[in-house]
Each structure stands twice: as structure tokens, then as C-alpha cells.
Amino acid sequence: MASEETKPKKQRDEECIINGLPGELIERIFLKLPVSTLLRCTGVCEQWHKIIRDPQFVTSHLQDAPQCAFLFFPQESVSGEPHPADAILIDEALSPSTYAVPVIGPDDFLCGSCNGLLVLYTKSSTLKVANFATGECLHLEKPVKNLRGDHLFYNFGFHPLTKEYKITHFLGDLVVGSTRSHNNSKFSVIQVYTLGDEKWRDIKTPEALSLNCVKNSGAVNIDGTMCWLIEDMVANWQHAVMTFDLNEESFARIQLPATVHEDCAGGGPRRHWIREIDRKICIATAQACPSLPRRLVGTLQIWELENKTEQRWSLKYNIQYSPDYIPGPNLVHRNKIILQRRDSNLYSYELLGENFNTKLYVYKTAIARRPKQREGWELKKWEAWEHQLSDYEKLWTRLHEEEHEGIALAEHSSISFNGLLPRILDDAIRQDIGMKINQICPSLPDQQPRPLRRLNCVAQKQDRENLSARLENYSSIMKASREASKSIMSMILSAVENQRGASGSNAGISSQNRSEGDDVKV
């Protein structure tokens with residue numbers, strides 16, 4: 001009988017038990033597997049490769065995939081201190097994932113994400129389209145050379161009918177008298193690149209539109225339509241929504257609610273942001289502080305477009321919050337609005353229903369990441385960051401060594417004390433000392449393996465706090481262990497002295513009795 005190694009590959013495939021199942025059942029099994037596993041399965045046999053690479057299967061797998069929130073930290077932190085660009089995934093359990101994100105470089109800017117694909121703006125002449133699941137990257141030539149702040153004007157979307165992915169770019173109008181300089185306040189052209197094509201195409205807008213609105217309020221892609229805010233000075237909110245259909249590449253305008261805001265006295269100008277919640281267009285609005293425009297005052301209102309045809313809006317949330325937050329909201333995910341505070345922590349409001357009640361709590365964030373390409377990390381401007389990371393890793397290593405030594409010392413003391421217990425004759429004292437010996441060995445947290453990198457500012461701050469708390473906890477435990485050891489030693493010495501005294505007294509009594517007996521005999 002031929003061994004498995006000597007059988008032809010075709011014969012082994014035919015004898016595979018799984019391949020004996022109906023194709024539909026095999027496909028249903030594959031739909032439950034993560035992308036990383038599916039990629040390995042494509043090399044098993046031709047049948048598996050055909051199933052997994054089928055476009056309809058890819059679409060079905062994408063629809064069944066869990067929806068995760070994606071938080072991106074740009075190069076510059078809230079405090080202005082430089083740090084590498086990084087990302088965090090909020091998984092189904094609403095907890096930060098330790099998923100590695102090797103496709104993001106330290107100098108990249110995120111332009112958009114869709115169905116697990118990212119578009120990243122690099123400092124070179126290319127945009128990077130990265131597959132979040134596979135780590136694969138595709139570099140595309142930018143339509144224009146790098147302009148200051150230009151990464152804010154790229155967007156990325158997917159049309160569910162055509163199944164096409166498109167990158168859009170708001171191109172500032174040319175400055176009069178120049179063939180290269182572009183206006184940073186107005187644009188009349190949207191440049192479009194369809195993945196799979198060879199070049200960018202220019203689509204003229206109905207009128208000159210404000211780049212500042214895009215920069216300050218953002219843009220979203222919902223069901224194949226890109227939406228952003230434009231200026232409309234005759235409207236109550238002095239803004240309107242402009243839409244761009246990625247399939248027909250046509251424009252439309254949506255008016256904002258007719259409601260007039262009752263701004264609080266002493267507040268600054270009202271700010272607006274466009275966001276997507278539950279696949280619907282939403283507008284968030286709040287007043288800015290006059291002296292500190294990055295702070296908000298009053299309430300944060302979120303309006304939802306209930307009916308696009310009738311242009312009917314409803315107030316979805318009315319949130320009272322601390323003015324210490326950065327304007328946003330940065331992200332809305334599963335009835336939670338996630339914001340980044342000035343202390344670099346992440347906070348979120350849990351939205352509790354139609355009465356607009358909210359619950360505030362802090363996200364404890366951490367992310368592990370594999371080392372990036374060395375050339376990115378050898379840049380001089382990241383040396384201080386690398387040095388700081390190295391210092392914290394040394395502190396963690398030293399703490400783990402101290403914990404190991406402390407546990408070994410406590411165990412040695414426990415063994416020594418247990419060896420002395422048989423010398424204690426009093427059962428009650430011996431039992432009491434035995435109970436105290438059990439308290440010597442410290443109960444310390446498990447020493448989890450340290451990730452190779454902790455990059456983002458939020459994770460590093462949390463790591464410092466964890467290190468400080470663990471060090472304080474270790475000091476308290478070891479202090480209690482030392483005090484218990486001293487107490488046990490004192491109890492043992494006292495018990496031994498008492499036994500010696502009792503033994504001496506008994507010897508004296510015995511000697512006296514013998515003397516009295518001799519006198520009687522005489």
C-alpha cells in the first residue's frame with residue numbers, strides 16, 4: 001500500500017474527506033473562517049482555491065464578517081508631542097483588540113477605510129491601498145504632488161451595485177497666474193480613481209465649493225454615495241449637504257433641518273460635523289468656546305436624515321458633556337460615541353435610548369504591533385520615542401525579575417519555617433504559626449508576555465499607569481510578606497524560649513523529688 005507521501009497530489013485531493021462533502025456545505029464552513037485561515041486554504045487544492053477566490057463567496061464572506069470600529073491616531077498627539085501613526089480595533093466585545101496593523105507606516109495618514117481596505121496617504125508620491133486582513137499593499141500615483149494638508153481631501157468608498165471601489169480627491173482650484181499652485185479654500189473639481197483603472201479622471205462640481213468645510217467637518221461614504229458639508233449662507237444653519245454618487249458620478253444637494261439653534265450666551269461659533277450612524281447620514285453640531293475653539297460648550301446634538309427623498313431630519317441625540325473633549329464626535333459605533341480627550345485617553349458616551357440619556361466611561365486601550373520596516377524606525381525624529389519605549393520595557397523586565405526573586409525568597413522562607421514547626425510542642429501555637437506561614441508566599445498577577453511594540457500615545461500612557469500600579473501592588477505585597485515573616489520568627493523564638501523555661505522548671509522539680517525520696521530511705 002502506498003504511503004501518503006508517495007501518493008500523487010491529485011489522488012490525495014480525491015481522497016480528502018472534506019472534498020467528499022457537497023460544495024455548498026464546504027462553502028458554509030469556509031464562511032465561518034477568518035481571512036488569514038482562508039488564505040492558507042487556497043493553497044490546499046484547486047477546489048478550495050476556486051471556492052475561496054469566487055467573487056460571490058468573497059462578497060458573502062464580507063457580509064457575514066463582524067463589524068469592528070477602527071480608530072486611527074495620526075502622527076501628532078493632542079498635546080502636540082510627536083508620535084508614530086497607529087491604529088486600534090474595537091472588536092465585537094467593545095474592547096480594544098491587540099490585532100497587529102503592519103500595513104500602517106509611522107508617517108502615514110488615513111484617508112479612508114472600507115470593507116477591510118485602507119487608503120493611506122504617504123509622504124512619497126503614492127497613495128497606499130492596504131488590505132487590512134492580508135497585509136498586502138497596492139501603491140497608486142497621486143493625481144497631484146504633495147500639498148500641505150492635502151491628505152484631508154482624499155476619500156474612499158464602495159458602491160454596492162457596481163462592486164467598484166473608488167478613491168476621490170478634492171482638488172483645490174488653481175491660483176490665478178500660476179500653473180501649479182492650488183487654492184486651499186475652494187475646489188471645482190473632484191478627481192476620481194476606480195481601482196482597476198489606469199488613471200485619474202476629473203469630474204466638475206456644480207459650483208465652486210468650500211475646502212474648509214471638508215477640512216473642518218469631514219466626509220462620509222454611505223451605500224455608494226459620498227457626502228460632505230458645503231456653505232449655504234441663506235439657510236438657517238448656513239450649511240447644506242452635498243452628495244456625490246460613486247456610480248453615476250452625479251451631484252445632489254440636501255438641505256439641513258429648518259430648526260434654529262438656541263445658542264448659549266457667551267458661546268462661540270457653532271461647529272458642524274457630518275457622520276454616519278447605522279448607515280444613515282447624521283450631522284453633529286455644538287458651540288465652540290470663544291477663547292478656545294477646540295473646546296465645546298453646551299450640548300452636542302446629533303441629527304439623523306430619516307428620509308433622503310423628503311429631506312426630513314430628526315434629532316437623534318442631545319448630549320450634555322464635559323467641555324474638555326476634542327470636537328467630534330470622532331467615531332460612533334454600536335450606540336457609543338468615542339472621543340479623545342486632551343489627556344490622550346479615549347472616552348465614550350453610551351447612548352441609552354430616546355430620552356437622550358448618556359453614560360460616560362473610559363476606554364482602556366492597548367495595541368500590540370509587530371516591528372515595522374527598519375527604515376521607518378531609524379528616522380532621527382523617532383529616536384526619542386524609541387528610547388522611551390525601550391526604557392519602559394526595561395522597567396517592566398526589572399519588575400518581573402523582582403517579582404520572581406521575591407516569590408523565590410518567600411518560598412525559601414516558607415520551607416525554612418515549616419522545617420522548624422516540629423520543634424513547637426504546643427499544638428495551638430504550632431497551628432497558628434502554620435496558618436501565618438501560608439500568608440508569606442505572595443499572590444502576584446500572571447506575567448503575561450510583553451508585545452514587541454506599543455506604539456500609540458494612548459496605549460503608552462495606559463502602559464505607564466499599569467506599570468506604576470503593578471509596582472505599587474508588588475511593594476505592598478512584599479511588605480506584608482516581610483512583616484509576616486518577622487511575626488512568624490518572633491512567635492517561633494518565643495515558643496522555643498517558653499519550652500526551654502518549662503523544661504528547666506520540670507528538671508528542677510524532678511531533682512527535688514529525687515532528693516526527698518532518698519531522705520525517706522535513709
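Quick notes on the rules
Residues numbered from 1 in each chain as written. Predicted model: local features only at pLDDT ≥ 70, side-chain atom pairs only at ≥ 80, totals over all residues. Heavy atoms only, no water. Helix = DSSP H or I, 4+ residues; strand = E, 2+ residues; numbered from the N terminus. Buried < 20%, exposed > 50% of the residue type's maximum accessible area, 1.4 Å probe, protein only. Contact = heavy atoms within 4.5 Å. Areas by Shrake-Rupley, 256 points an atom, 1.4 Å probe, with all protein chains shown as cover. Core = buried A, V, L, I, M, F, W, Y, C linked by side-chain atoms within 4.5 Å. Pairing = 2+ DSSP bridges. Axes fitted to C-alpha atoms, helices over the stretch in contact; angles between N-to-C directions. Patch = residues over 30% accessible without salt bridge, like charges linked within 9 Å, V, L, I, M, F, W, Y side chains within 5 Å. Salt bridge = Lys/Arg side-chain N within 4 Å of Asp/Glu carboxyl O. Arc of directions from axis to C-beta. pLDDT = per-residue confidence, 0-100. Left-handed = near helix turned anticlockwise from the far one by under 90°. Nonpolar A, V, L, I, M, F, W, Y, C, P; charged D, E, K, R; others polar. Parallel < 35°, antiparallel > 145°, perpendicular 65-115°, else oblique.

Visitor: Quick rundown of the overall build of the protein? Include the residues and the values.
Guide: Along the protein, the regular secondary structure elements total 10 helices and 23 strands. When the 522 residues of the protein are sorted by exposure, 42% land in the buried category. For the protein, the proportion of contacts with a sequence separation of at least 24, taken over those separated by at least 6, is 51%. For the protein, the exposed area adds up to about 29200 Å²; of that, 52% sits on carbon and sulfur atoms.

Visitor: Outline the nonpolar core, supporting the account with residue identities and numerical values.
Guide: Tyr154, Phe156 and Ile167 are the most contacted members of the largest nonpolar core, which totals 18 residues. Not counting residues within four places of it along the chain, the set of residues in contact with Phe156 comprises Gly112, Ser113, Cys114, Leu117, Val119, Tyr165, Lys166, Ile167, Leu195 and Asn221.

Visitor: Give me the sheet that holds strand S7 (residues 137-141): which residues, what numbers.
Guide: Pairing is antiparallel in the open sheet, where 4 strands are placed in the order S4-S5-S6-S7. Both outer strands of the open sheet, strand S4 (109-114) and S7, are each paired with one neighbouring strand and no more. Direction aside, neighbouring strands of the sheet carry axes that sit 20° apart on average. Inspection of the sheet shows strand S5 (residues 117-121) paired to strand S6 (residues 126-131) by 5 bridges, in the antiparallel sense. Bridging across to S6, Leu117 finds its partner in Asn131.

Visitor: Report on a nonpolar patch on the surface, specifying residues and quantitative values.
Guide: On the surface, Leu21, Leu25 and Ile29 cluster together into a nonpolar patch covering about 220 Å² of accessible area. Among the secondary structure elements, Ile29 is positioned in helix H2 (residues 23-31). When its relative accessible area of 41% is taken as the criterion, Ile29 is described as partly exposed.

Visitor: An account of the pattern of salt bridges is requested, with residue identities and associated values reported.
Guide: Note that side chains of opposite charge can pair when their charged atoms are close. Under the defined criterion, the tally for this structure stands at 17 salt bridges. The shortest N-O distance in the salt bridge between Glu402 and Arg398 comes to 2.6 Å. Separated by 4 residues within a single helix, Glu402 and Arg398 lie in helix H8 (residues 383-420), roughly one turn from each other. Linking Arg500 and Glu497 is a salt bridge whose minimum nitrogen-to-oxygen distance equals 3.6 Å. Pair noted here: Arg500 and Glu497 are both in helix H10 (residues 457-521), with a separation of 3 residues, about one helical turn. What you see here is one network of salt bridges that share partners, running through Lys166, Arg201 and Glu249.

Visitor: An account of the sheet that holds strand S16 (residues 270-277) is requested, with residue identities and associated values reported.
Guide: Taken in spatial order, the 4 strands make up an open sheet running S16-S17-S18-S19, and their pairing is antiparallel. The open sheet has two edge strands, S16 and strand S19 (312-320), and neither has a second partner. Geometrically, the sheet is characterised by an average inter-axis angle of 25° between neighbouring strands, direction not taken into account.

Visitor: Explain unusual backbone geometry to me, using residue names and the numbers behind them.
Guide: Phi angles above zero are rare outside glycine, and Asp223 is one such case at about 50°. Considering the arrangement of structural elements, one finds Asp223 in the loop between strand S12 (219-222) and strand S13 (225-231).

Visitor: Summarise helix H4 (residues 46-53); cite the residues concerned and give the values.
Guide: Every buried residue of H4 is listed here: Trp48, Ile51 and Ile52. Along the long axis of H4, the arc covered by the buried residues comes to 90°, so they all point the same way. More than 90 degrees from the buried face of H4, the exposed residues found are Glu46 and Lys50.

Visitor: Pulling in residues and values, what's your account of the environment of Asn155?
Guide: Checked against the element boundaries, Asn155 lands in strand S8 (residues 154-159). Residue class for Asn155 comes out buried when judged on its relative accessible area of 8%. Considered as a pair, Asn155 and Cys111 are 44 residues apart in the sequence and their alpha carbons are 5.5 Å apart. Residues contacting Asn155, with those up to four places away along its chain left out, are Cys111, Lys166, Ile167, Thr168, Ala219, Asn221 and Met226.

Visitor: Break down the confidence of the model for the protein for me, with residues and values.
Guide: Looking at the protein, pLDDT values average 75 and 69% of them are 70 or higher. In the predicted structure, residues 354-358 sits below a pLDDT of 50 and forms 12 contacts with residues beyond four places in sequence or in another chain. Residue range residues 360-381 is modelled with pLDDT below 50. Its contacts to residues more than four positions away, or to other chains, number 79 contacts.

Visitor: How would you sum up the packing of H2 against H4? Please name residues and give values.
Guide: Relative to each other, H2 and H4 sit at 65°, their axes nearing to 11 Å. Crossing angle aside, the handedness with which H2 passes H4 is right-handed. Mapping the contact onto sequence places Ile26, Glu27 and Phe30 in H2 and Gln47, Trp48, Ile51 and Ile52 in H4. Looking at the contact of H2 with H4, its residues break down into 5 nonpolar, 1 polar and 1 charged.

Visitor: An account of the packing of H2 against helix H5 (residues 55-64) is requested, with residue identities and associated values reported.
Guide: Interhelical geometry of H2 versus H5 gives an angle of 45° and a closest axis separation of 10 Å. The orientation of H2 relative to H5 falls into the category oblique. Both H2 and H5 take part in a crossing whose hand is right-handed. Of the residues in H5, those in contact with Glu27, Phe30 and Leu31 of H2 are Phe57, Ser60, His61 and Asp64. Taken together, the residues of the contact of H2 with H5 sort by class into 3 nonpolar, 2 polar and 2 charged.

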